[in-house]
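Descriptive analysis of the structure
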Amino acid sequence: MEKDYNFTPSQDWFTHNIPTWEPLIESLLSSLAPGRAPRALEVGSWEGRSAVYLLSKLCSSPASLLVCIDHFDLLRTVAGRERHARVLHNLRLTGSPFRLIDEFSVPGLMTLLQEEVTSPPSSAGFDFVYIDGSHEADDTFLDAELAWRLARPGALFILDDYEWDKEPFPSIHHPARGIDTFLELHAGQFNLLHKGYQVILRKIVDMRIGFLMKDSPLNGVDDLAQGLGYGLNIALCVNTAYLMPATVTIRSAVEKTPGRITFYVVDCGLQEQDRRKIAESIPSSRSETTTLVFRSLPEGSRGEKEPTWAKVDILLAPCALPVERVLFLDADLLVRSDLTELWQTDLGGNSLGAARDIGHPLGHGGLPEEERGRPYFNAGVLLLDLARVREHLPALKRMTQERKDTRYKDQDMLNAFFAAGERNWHELDIKWNASGLGTYAACSSSDRDAVWANGELDRLHSNPAIVHFTGPVHPSMSSVLNEFVQPWTSKPWGYAGAPGNPFSDEWWHVLERAGWKGIRQDGRFLETCTAAHNKARERGIQEFNNRVEKTRP
């Protein structure tokens, strides 16, 4: 340090850290985007030795800033006022921009948090944080926790006095206890760069201040929801047969939707390795914002034998989903847009939001006559107000028990249930459940022409928000050979693929990222497809022979 600085020689508790700090600061500076001036935060400045170093080595440009927080005895003692004057003198000598907050750390940090939450995201936060304020464990933890919310992704975060020797290590009066608690709480959110007298971290997660002010600038409901900390609750019913496509639904939802998501996976017969595979489909970069919860079917559930009924069985079990709003997604979907827009849909007082079924927008011939000719939704994407649905559980249970199976089973029953009075459903934009793309969605029918008369289905083929791969996994020979309906409808992972769907390749790309890299060349997968192909061919030939035999005299 230069002679003009006013430091107490016997109180140099910083200089020995320079060899550790110097390469880290150089690395930090090289990692910043071109033109971005670094911002640093120091909690506990004493006489300003570390602050002078930061102003000289890190925050020397006119656009950069160092913020120092120290209470200086609230300027009510002679020693506090002298130290305050000494710090101002030392920092001013650097000629670099700084700000000194003469408060205790908590009110000082809260001032910064309130300022940052009203700042544009591009300028909010700090690239370097140094915690050296108090030796009390709880103070150290609180300082670190509040300052962590101000640290940008990639920020250096330094905690001092971890090996302080004035108090026994496990004491509440030792900072190490607070530091260890902080490290445990934020495990997975940082890379540990150094652990000795100081603990040095590099933050690897996004900045999250965690609250809003009344005058916080917001860009619509997305910013509000993120600031309030609300997330999405998504439920899927999955068995082993649909394990692979379910990981695509989950992975694509996470990739397209920022913020918190809780997935409730209803276990319809999964093995332990299946659960691990689902967990592995979530990218590690989203582990802090994505929660995976497995739920068992209620005892005696109809869904154990017929998975298509699992969704209804979960609705009938009030405690199965401990939330008030949930988005049910089928396991054969590809999410292509941020689900936040769908999640925030105003249901207008209705219990359910759903999109029309493209194949049967006005119902189908297998329904009771009184249910035909009215709007009919597809159950692959359902946004449910569970609080309202739970008001009518006795009626739902009764209908489930009394209604006879029709062609589309649970979907037909749910349409009948939610068509009644105050249980009515809100129609979602068809982009949220785009089925039959390249196949029946591209074909004219009297019902489709009546419902979508202005080219909506043509436009849907270019940019759907959710692609629903309907149809069988492995199509029959007769459907593949049906010259009146080409290309046929089937799922990408079946033996015949989904040849008409323009998003089939995109589905496969997501599958690769979801932990199934190379699956299309996997021997067991190929064997399964070959066996299904042979079975379809054998059944087709048998059906052909049977029909020919019936025509012979």
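First things first, this report covers the structure right here in the doc. (Residues numbered from 1 in each chain as written. Predicted model: local features only at pLDDT ≥ 70, side-chain atom pairs only at ≥ 80, totals over all residues. Heavy atoms only, no water.)

**Some points on the overall build of the protein**
The test is simple: Helix and strand labels come from DSSP, where a helix needs a run of H or I of at least four residues and a strand needs a run of E of at least two; each type is numbered from the N terminus. For a compact globule the rule gives 2.2 Å times the number of residues to the power 0.38, and the radius of gyration it is set against comes from C-alpha atoms. Only protein chains enter the accessibility calculation, which uses a 1.4 Å probe; a residue is then buried when its area is under 20% of its type maximum, exposed when over 50%, and partly exposed in between. The criterion used for residue contact is that any of the two residues' heavy atoms lie within 4.5 Å. For the accessible areas, the method is Shrake-Rupley and the probe is 1.4 Å, while residue cover comes only from the protein chains on display. Charge counting follows a simple rule: Lys and Arg are positive, Asp and Glu are negative, and His as well as the terminal groups are ignored. Think of each charge as sitting on NZ of Lys, CZ of Arg, CG of Asp or CD of Glu.
A tally of helices and strands in the protein yields 19 helices and 17 strands. For 553 residues, the compact-globule formula gives about 24 Å, and the C-alpha radius of gyration of the protein, at 31 Å, lies well above that figure. The buried share of the protein, reckoned over its 553 residues, is 48%. Across the protein, every contact between residues at least 6 apart in sequence was considered, and the portion connecting residues at least 24 apart equals 74%. Carbon and sulfur atoms provide 51% of the accessible area of the protein, an area that totals close to 26,500 Å². Positive and negative charge centroids in the protein, built from 59 and 74 side chains respectively, lie 5 Å apart.

**Let's talk about the state of the cysteines**
Formally: By disulfide we mean two sulfur atoms from cysteines, separated by a distance within 2.5 Å.
Per the stated rule, a full pass over the model turns up zero disulfides. Considering cysteine sulfurs only, Cys237 is the nearest to Cys319, which forms no disulfide, with 17 Å between them.

**Looking at the pattern of salt bridges**
Rules: Each salt bridge in this description consists of a side-chain nitrogen of Lys or Arg and a carboxyl oxygen of Asp or Glu lying within 4 Å of one another.
This structure, assessed with the given rule, holds 26 salt bridges. One salt bridge connects Glu116 with Arg39, and the closest N-O pair in it is separated by 3.6 Å. With Glu116 in helix 4 (residues 105–117) and Arg39 in strand 1 (residues 39–43), this residue pair connects regions lying 77 residues apart in the sequence. The residues Glu116 and Arg39 share a single accessibility class, namely buried. With a closest N to O distance of 2.7 Å, Arg547 and Glu543 form a salt bridge. Placement of the pair is Arg547 and Glu543 together in helix 19 (residues 523–551), with a separation of four residues, close to one helical turn. With relative accessibility at 33%, the residue Glu543 sits in the partly exposed group. Look at the salt bridges and you will find they share partners, linking Arg302, Glu306, Asp405 and Lys409 into a network.

**Focus on the packing of helix 1 (residues 18–31) against helix 2 (residues 49–57)**
This is how the line gets drawn: Note on method: axes are straight lines fitted to C-alpha atoms, helices fitted across the in-contact stretch only, with angles between N-to-C directions ranging 0 to 180 degrees. In this scheme, a crossing is called left-handed if the near helix is turned counterclockwise away from the far one by less than a right angle; it is called right-handed if the turn is clockwise. Under the grouping applied here, Gly and all other residues not named as nonpolar or charged are polar, the nonpolar ones being Ala, Val, Leu, Ile, Met, Phe, Trp, Tyr, Cys and Pro and the charged ones Asp, Glu, Lys and Arg.
At a minimum axis separation of 11 Å, helix 1 and helix 2 run at an interaxial angle of 35 degrees. Seen from above, helix 1 lies across helix 2 with right-handed handedness. Residues Ile18, Trp21, Glu22, Ile25 and Leu29 of helix 1 touch helix 2, and the partners they reach there are Ser50, Tyr53, Leu54 and Lys57. When the residues that make up the contact of helix 1 with helix 2 are grouped by side-chain class, the tally is six nonpolar, one polar and two charged.

Purely geometric numbers; function is a separate question.
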